[in-house]
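Residue-level listing of the chains:
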Amino acid sequence: MTAALEASRLSKAFGGLSAVDDVSFIVPQGSLTAVIGPNGAGKTTVFNLVTNLYQADKGEVRLFGERLGNERAWQIAARGVVRTFQTARVFPGMTAFENVLAGAHMHLRSGPAWQMLWLGRVRREEARLAIKAERLLELVGLARFRDAPATDLPIGGQKLLEVLRALMARPRLLLLDEPAAGLNDAETAELAALLRTVRGTGVTVMVVEHNMSLVMGVADQVIVLDAGRLVTAGTPRAIQQDKRVIEAYVGQEEGFPDHAGG
Amino acid sequence: MLEGSVFAVVGLGFALVFRVTDVINLSQGAFCVLGALSAYTFEETLRWPVPLAIAGAVLVTVAYATALGAVTFVPALSRLSHSSMLMLTAGILTLTTGGMLVLWGGDPYSLPPLSGERPVELWGIHITTQGFWIAGTTLVIVLGFWFLFTRTILGKALQACAENPMAARLMGIDVPRMALLSFALAATIASLGGIMIAPIASLQFDSGNYFTISGFISVALGGMGSFIGAVSGGLLLGTAEQVAAGYISSLFSDAFALALLLATLLWRPRGLFTLGRSRRIDVRDDVLFYQAIVRLNGRGAVLCGVAAVAVLMALPLVVSDALLGSLVITGILFIGVLGLDVLMGYAGQVGLCQGAFMAIGGYVAGILSTTYGWPPLAGVLFAVLAALLAALVLAFATLRLRGVYLALGTLAFGLVIDSFDAGMMNVTGGPSGLVGIPPFRIGAFAFDSDRSMYYLVAGLIVVLVLALLGGMRSGFGRALMAIRTDQMAAGALGINVVRYKLAAFAISAVLAALAGSLYAFYFRFLSPEMVGTPRSFEMVTMLIVGGEGTLVGSLLGVALLTLLPTMVQSLALYKTFAEGLLLVLAFLCLPEGMFGGIARLVSRAAVRRRGNRLMAEAGAGREVQ
C-alpha cells in the first residue's frame, strides 16, 4: 500500500536560516503519526511544506503516491489532505454550527445556482449535513454552543471546533497543528478520544503536538525533529527510551518529562 | 503645480494619520474646506484682520476636528477593522460636508490673495504672488514634519503607535491620545492648505471630496505612510493633471490621474517612492473583525416573509402618488444594495464602486435603447453582461489586494468610470446627462407609470431576495463568509477562494447594473451624478445603517435614506449631514445595523414571552438567534 504521505529529503531555508534540513519520513496509511520536537524544530514548517503554504527548496512530497507540484490550498484539500492551524482559526461572524458545516464544502453536490433555487435536493443535503455536524458537536461536548458565535467559544472549544470542521471535509489525511495547545484537561481527553475514533474510521492522522501524554497515548509512530533535522522516528515506546531524543528535548539526561511545555 | 502643493499637504495628513493609526482617514479634505470657509467668514463677513482670521479659522477647524475625533475616530480605533474605519472616516467627511452645506449654503467662496492681485515678474514669467505663499506654507509644513519625526521624542512616540500599538502602550505611551493628536495635526495642516489655495480656487461645501480624493491619490502614489512619498505624489499628481488638462482634455484629466493610481495600486501597491521598508499587506486585515450574527430561521421568519410580500403588493393601493415614486426609487436602489451586501456583508470585500456598475448598466442600456433603438429588455441584458465583464476584469486585477487597498482600488475604478460618464460627451451626453430614454417595456407592454414600475421592481426584489436567501443560507453563503475573514483557512477546507471572490463581485455588479438600467428607464434620463461615486458611498451607508450580511436588513437603510428626505422636503438641506451622521452613529452604536438591532429586541421579547418553558426545554433563542 502506498504511504499517505512520503517526504523525501525536504529542505527549506528562510534567508540564511535553515528551518527544515534534509528531512525524510513516511506516514503509513491508517496510522496516527505524531511530530514532536522543541520550539523551532521545524514541525510547523513541515506542515506548511506538505500543504504548499511554502515551496520546498529541495526534496519532494508524495501524497498517496502522487507527487506534490504547485497546487493551491484548495486543490490539496481536494486530494483529501486537510489541515488545521497552530492558532485557532475559526471563522468569525459565523456560529459554531455554521463553522462545522463550512468544512463540508467540498462534498456539496449542488452548486451555488441550485442552492439559490433552494430545491428539495439542496434542502435534503443541508439537513443531512446538519445532522452530521450536530452529532460531531455533541461528540466533543460542544452541542450547547451550537448557535453561539464561534469566536465566543473558549479557546479550547475553538480548537476542537476547528478539528470538527476539518473532519467534515472527510479527509484521507488529517494534519493537526498543535490541537491540544490551549485545551484544559477535560478538553484534551475529548480530543484524545476523538483522535482514536477518527483513526478507527481509517483516516490517516498526522499531528504536531507538545503534549507528551497525549502523543504517547494515541500515536503509532513518533517523528522527532530538532533544529530542522530529523532525529529519529519510531514507536512511542522506542522514542521514550532513545537517548538522542531526550538530549534534543530536554538537553540533559533526566528522563522524559510527562508534560513538556507547550 | 500649486494645486499639487495642496494635494501634497492633504497627502501629508493622510500619511500622518496612517502612520500613527494604520487608518486611511478620508475626512482629511473636509478640514481643508472648513478652514477656508471659516477664514472667509472671519475675513469677509466679520472683517477681521487677515492674520487673525487665518489663525481663527485654523483654530476653529482644529477644535472641531479634535472634538469630533475624540468622540468618533479614537474610540472606534480599538473596535473596528481597518476597512470599517475607512467607512467611518468617509462618514465624518460626509457629516462635515453636510454641516458646511447647512452653515454656508451651496455657493462657491473665494478668498482675496494674501498679498494682492498683482503678479510678480520673474525671468519674464508672470507668477501670482499667492503661489509663493502656497509653496512657502507647504515647505514650512514639510520641514516641520521632518523635524517632528526625526528630532523629537513626541515623533518617536507617534511612530511607535503605528509600529506596535500594544508594545507602545506597555512602554507608557498613551496610544489613543497620540491617535487624536495625529488626527488634529492632520486637520491643522489641511486647514492651512485649504486657506492657502482658496484665493486661486473657489471652494464650496463639497470641495472636500475633491481634496480627499486628490490627497489620497497623492499618498497612494507616493506610498502610504511615507511623508516624502506623499509630497512627491502630490506634486506629481498636480503636474500630471495639468499636463493632461492641457494636452488631452480637462474632462479627462481626472481619468488620467486615476489611471495612474490604479496602475500604481496594481503594480506597486506600496507606492512609487517607497524603497525597502514596507508594510506587510498580506496579513489578515480584519483582525478586529466584528459582525453581529443575525439569523432568522424557522416558522416565524417564513411568516414575516409572507407578511412582508403581502404589504409590498398592497402598498401602491394606499400610498400617495408622490410617495409611490419614492418607493420605486427605494426599490431600485435596494436591488443594487442587495448586490453590495453579497460582496461586502458576506464575502467581506469592500466595494466602493457600486455606483460605477450602476452607471455601466444605466448608460449601456440607455444608449442602446435610445441611440440604437434596441428593445429595452435586450438593452438591460446586454448592460448586465457588460457590467459582469467589467466586474470580472476588476476582480481579477484586484485579486491580490485586500482590505483598504481593495477599497482604494474599487474607489479608483469608480472614479475612472465617473470621469468617462462625464467625459464621453458624444456618447453619454456628458455632464448634462443622457436624455430621451424610452420607458422600459417587455414586448408590447410599457412600464410607463409609477404603478407598473413599482410592481416590476417589487416582483424582481421578491425573486432576488428569495434566491439570495437560498444561496446565502447554504454552502455558497458559508464559503463567502469563510473567505471574508480567513482566506488561508478557507483554502485549507477546499474552498476555491478566487472563484468565490469572483462570484461575489459578479453578483454585486450584475445587481448594480440591473438597478442602474431600471433607474435610467424609470427617470427616462441619466446623468453622471445620479450614478457616481457619491452614490457608491450612499449605498455603502444604506447597507451599514440597515445591517450588513442580512440581505433584507439593508432595505431599512435604503428606505430611511431615500424616503425621509422626500417625505420631509424641508430636510433636504440636511440630507448630506444626516447621511454622514447616520453612518458614523451606525459604526459607533449599532454595528449590527437597524435590522440587527430590531432582531435583537424581537428575540429578547420572544424569549421573555415564552418564558422559562422554552428555556428549559430546548435552549433559548434557537428560532430567532
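Residues numbered from 1 in each chain as written. Chains lettered and ligands numbered in written order. Predicted model: local features only at pLDDT ≥ 70, side-chain atom pairs only at ≥ 80, totals over all residues.

### What about the overall build of chain A?
Part 1: Each helix and strand in chain A was counted, giving 10 helices and 10 strands.
Part 2: Computed over its C-alpha atoms, the radius of gyration of chain A comes to 19 Å, within 12% of the 18 Å expected for a compact globule of 262 residues.
Part 3: Projected onto the principal axes, the alpha-carbon positions of chain A cover approximately 60 × 40 × 35 Å.
Part 4: Counting over 262 residues, chain A shows a buried share of 46%.
Part 5: Long-range contacts, defined here as pairs at least 24 residues apart, represent 69% of the contacts in chain A between residues at least 6 apart. (Helix = DSSP H or I, 4+ residues; strand = E, 2+ residues; numbered from the N terminus. Rg over C-alpha atoms; globule rule 2.2 N^0.38 Å. Buried ≥ 20, exposed ≤ 12 C-beta atoms within 10 Å, placed from the backbone. Contact = placed C-beta atoms within 7 Å.)

### As for helix 6 (residues 153-163) of chain B
All names here are of chain B.
Part 1: Residues of helix 6 that are buried: L158, C161 and A162. An end-on view of helix 6 places all buried positions within 100 degrees of arc, on one side of the element. Exposed residues on helix 6 whose side chains face more than 90 degrees from its buried face are I153 and E163. (Arc of directions from axis to C-beta.)

### Digging into helix 23 (residues 554-567) of chain B
Part 1: Helix length check: helix 23 of chain B (14 residues) gives 19 Å between terminal C-alpha atoms against 20 Å at 1.5 Å per residue, within 8%.
Part 2: Those residues of helix 23 of chain B not exposed but buried are S554, L555, L556, G557, V558, L561 and T562 of chain B. (Expected span 1.5 Å × (residues − 1).)

### Remarks on the sheet that holds strand 4 (residues 58-63) of chain A
All names here are of chain A.
Part 1: Spatially, 4 strands are ordered 2-1-4-5 in an open sheet, and the strand pairing comes out antiparallel. What marks the edges here is a single partner per strand, and that holds for strand 2 (17-27) and strand 5 (66-67).
Part 2: With 5 bridges joining them, strand 1 (residues 5-14) and strand 4 adopt antiparallel strand pairing. Across the sheet, the residue bridging to E6 is R62, located in strand 4. (Pairing = 2+ DSSP bridges.)

### Describing unusual backbone geometry
Working note: non-glycine residues mostly have negative phi, and peptide bonds are mostly trans.
Part 1: If you check the backbone angles, R170 of chain A has positive phi at about 50 degrees while not being a glycine.
Part 2: We note that R524 of chain B has phi near 55 degrees; this positive angle belongs to a residue other than glycine.

### Details of the confidence of the model for chain B
Residues and elements named next belong to chain B.
Part 1: Looking at chain B as a whole, its pLDDT mean stands at 84, while 89% of the residues score no less than 70.
Part 2: In the predicted structure, residues 275-288 sits below a pLDDT of 50 and forms 21 contacts with residues beyond four places in sequence or in another chain.
Part 3: Confidence drops under a pLDDT of 50 for residues 611-625, and excluding neighbours within four residues, the segment shows 19 contacts in the predicted structure.
Part 4: Here the predicted complex scores 0.86 on pTM and 0.89 on ipTM. (pLDDT = per-residue confidence, 0-100.)

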